Amino acid sequence: TTAIAMAAALGASHAEIYSDVDGVYSADPRVAEDARHLPELTYDEMGRMAAAGAKVLHAKAVELARDAGIAIRARSTFRPGKETHVHDAAAPARTPRAVVGARGLAEIALPRRAFTGALALLAEAGLDVPFSATGDRVALALRPAHAPDWPALRRALEEAHEARIMDARGTVTIVGGGRAPVAAAVEELVPGVTLECAEGEVRLRMDDASVDDAVRVLHARLVGGEDPPA
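Fair warning: this is a prediction, and the values are worked out from it, not measured in the lab. (Residues numbered from 1 in each chain as written. Predicted model: local features only at pLDDT ≥ 70, side-chain atom pairs only at ≥ 80, totals over all residues. Heavy atoms only, no water.)

(A) Geometry of the overall build of the protein chain. From N to C terminus, the protein chain includes seven helices and 12 strands. For a compact globule of 230 residues, the expected C-alpha radius of gyration is about 17 Å, and the protein chain comes in at 18 Å, within 12% of that figure. Considered along the principal axes of its C-alpha atoms, the protein chain spans approximately 55 × 45 × 30 Å. Buried residues in the protein chain amount to 44% of all 230 residues. Intrachain contacts of the protein chain at a sequence separation of at least 6 include 72% that bridge at least 24 residues. Surface exposure of the protein chain reaches about 11800 Å², of which carbon and sulfur atoms provide 52%. Treating the 26 positive side-chain charges of the protein chain as one cloud and the 33 negative ones as another, the clouds have centres 1 Å apart. (Helix = DSSP H or I, 4+ residues; strand = E, 2+ residues; numbered from the N terminus. Rg over C-alpha atoms; globule rule 2.2 N^0.38 Å. Buried < 20%, exposed > 50% of the residue type's maximum accessible area, 1.4 Å probe, protein only. Contact = heavy atoms within 4.5 Å. Areas by Shrake-Rupley, 256 points an atom, 1.4 Å probe, with all protein chains shown as cover. Lys, Arg positive; Asp, Glu negative; His and termini not counted. Charge placed at Lys NZ, Arg CZ, Asp CG, Glu CD.)

(B) View of the sheet that holds strand 4 (residues 40–41). Spatial strand order, 1-5-6-4: four strands in an open sheet with mixed pairing. The outermost strands of the open sheet, each flanked by one partner alone, are strand 1 (14–19) and strand 4. In the sheet, strand 4 pairs with strand 6 (residues 83–86) via two bridges, with the strands oriented parallel. In the strand pairing of strand 6, Glu40 is matched with His85. (Pairing = 2+ DSSP bridges.)

(C) Geometry of the sheet that holds strand 8 (residues 131–134). What the six strands build is an open sheet, ordered 8-9-7-10-12-11; its pairing is antiparallel. A single partner strand is all that each edge strand has here, and the edge strands are strand 8 and strand 11 (194–198). Going across the sheet, the axis of each strand differs from the next one's by a mean of 30°, ignoring polarity. When strand 11 meets strand 12 (residues 201–207), the two strands line up antiparallel, connected through five bridges. Across the sheet, residue Ala198 finds its bridge partner in strand 12, namely Glu201. Across the sheet, helix 4 (residues 115–124) lies against strand 7 (98–111), strand 8 and strand 9 (137–142), angled at about 15° from strand 9, the strand it touches most. (Axes fitted to C-alpha atoms, helices over the stretch in contact; angles between N-to-C directions.)

(D) Structural detail: the side chain of His37. Structurally, the position occupied by His37 is in strand 3 (residues 37–38). Side-chain polar atoms of His37 contact the backbone oxygen of Asp22, separated by 2.8 Å. (Polar contact = N/O pair within 3.5 Å; in protein donor to acceptor, adjacent residues only side chain to side chain.)

None of this, on its own, says anything about what the molecule does.
What follows is the structure in structure tokens.
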């Protein structure tokens, strides 16, 4: 994120990010053996993957790059050759691009009447947390490790804002592809889980012990398979 901010301040056209991996993959290669290297991504695709838990680039870095029109080239320090190029001219995929798992989340449910106060509390803690609202209930998930003082924040949410909090939760996010066919495939492969559909992604919520298995099954069908849903 600092590198992208510096590139923007210097008026650079692109920023090269070197790490121990040669770019971004369609899933965590340590989880899904059939993960594919992605040579090119749009800002939106990379931003959604980063927000969902992909670890190569930070979501804020992608946001800064998009706003400043800076292309990102993610490369390996040790194995030159491959890279992932994130830029505005990249063609968006019509089929699912990636399956991203995240574990160790705290899942929070609270009444809608308490949401405004809870949101202010989260903002004060420096947390910008995506949420979903259904009827009179609001649901959101966050990483306790990202909260400056999670025990105090948890107590405030439970005592002042009527929050119910479940630990050891996880998400699996499918980035790209049509929402209806992806959701149908998910329901067939991982039935009964909570589904959230938004533009450009479908997200499942589950116990974090099930995340890796779900990533492998969904990636094999939606991304690694020969005929993924459009």
